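Residue-level structure breakdown
Here is what each chain is made of, one letter per residue.
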Amino acid sequence: MTANTIGIDIGTGKTVFIGRSGEILLNEPTLAAVNPLNGELIAAGEEAKELCGSICSELRLISPVKNGAVCDFEIMRLMLKRFIQKALRGKISFFAPKAVVSLPYGMNDVQAGETLEVLRSAGIRDCKILSRPLASAIGAGVETSSSSGSMVIDIGAGLCEVCAICMGRIVSCETVLNAGNKFDASISSKIAAKFGIKAGKFSCEAIKRSLNECETVHVCGRNLNTGLPSVINIPSK
């Protein structure tokens, strides 16, 4: 990548910006907080996630990406403009940045074209596409040019892609829509059924990430019997 080129991964759960040297410029939830009265974007990313826990009754939370594809283009455009400004803050350039954007392998040409158009309207001068499984393999240090072949399993929030890569190309790929968000929903349903606590999306995501790190899991949620906030400790297995 040239000095003015960044890498962008727009996922269902996270949006990540990578610099030329591999440094992470931005890693935030693909989430927007919008004023329901006039559609104004109030916050994006981590700021929107923080607002969710305080005044969510006054705002509408929107996830503009579903199953790896952009579903709300205007909100995505506004959110990307904020992300670009935040990621490139303090970096002086006379030209708008170029980008290499990773997209799901199974995305069709229409979806890919619409996503590139959103990026351009948000301030990216030129966009090149790299398949997400191939980008994941390169980022993980897999020798993608090897003739022996490698298998990559990319589990995101909205979809899971299982690919065989050989000599720098994806030779076979299967896409499954049962991914991280479905895992979170299953955790929430299980806790509600067994303990009578309704845990939120972000709580379930934290639980999922900590399952292999501790014997008991701290769960905050709403008691389904009383409607009041509750905190319990449950075994991780």
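What you see as residue numbers is a count from 1 along each chain, following the sequence as written. For a predicted model such as this one, the threshold for reporting local features is a pLDDT of at least 70, and the threshold for listing and counting side-chain atom pairs is 80 or more; totals across whole chains, interfaces and linings nevertheless cover every residue. Excluding hydrogens and water, the side-chain figures rest on all heavy atoms present in the structure.

This brings us to the environment of Leu224. Within the secondary structure layout, Leu224 lies in the loop between β15 (216-223) and β16 (229-235). Buried residues are those whose accessible area, probed at 1.4 Å on protein chains only, stays under 20% of the maximum for their type, while exposed residues exceed 50% and partly exposed ones sit between those limits. Relative accessible area serves as the criterion here: at 40%, Leu224 is assigned to the partly exposed category. The sequence separation of Leu224 and Ser189 amounts to 35 residues, and the corresponding C-alpha distance is 12 Å. Among residues more than four places away in sequence, those in contact with Leu224 are Ala192, Gly196, Ile197 and Lys198. Working definition: helices are DSSP H or I runs of at least four residues, strands are E runs of at least two. Numbering for both runs from the N terminus. Contacts: residue pairs with any heavy atoms within 4.5 Å of one another.

The next subject is the layout of surface pockets. As a volume, the largest pocket reaches approximately 1,100 Å³. Buriedness of a pocket was judged along seven lines, with at least five required to meet protein on both sides within 12 Å; pockets are open sets of points on a 1 Å grid over the protein atoms alone, cavities are sets where a 1.4 Å probe fits but cannot get out, and lining residues have an atom within 4 Å of a point. Lining the largest pocket are 41 residues, and of these Asp9, Gly11, Lys14, Val16 and Arg132 lie nearest its centre. Among the secondary structure elements, those contributing two or more residues to the lining of the largest pocket are β1 (5-10), β2 (14-18), β9 (98-103), α4 (132-139), β11 (150-155), α5 (180-195) and α6 (201-210). Note on residue classes: Ala, Val, Leu, Ile, Met, Phe, Trp, Tyr, Cys and Pro are nonpolar, Asp, Glu, Lys and Arg are charged, and everything else, Gly too, is polar. Looking at the lining of the largest pocket, its residues break down into 17 nonpolar, 14 polar and 10 charged. Grid points are joined across faces, edges and corners, and a volume is the space filled by probe spheres set on the points.

Here the focus is the packing of α5 against α6. The interhelical angle for the contact between α5 and α6, taken along N-to-C directions, is 100°, at an axis separation of 9 Å. Compared by their axis directions, α5 and α6 come out roughly perpendicular. Of the residues in α6, those in contact with Gly180, Asn181, Phe183, Asp184, Ile187, Ser188 and Ile191 of α5 are Lys201, Cys204, Glu205, Ile207 and Lys208. Here the contact of α5 with α6 is composed, by residue class, of five nonpolar, three polar and four charged. In this analysis an axis means a line fitted to C-alpha atoms, helices contributing only their contacting stretch, and an angle means the value between N-to-C directions, from 0 to 180 degrees. Roughly parallel means an angle under 35 degrees; roughly antiparallel means over 145; roughly perpendicular covers 65 to 115; every other angle is labelled oblique.

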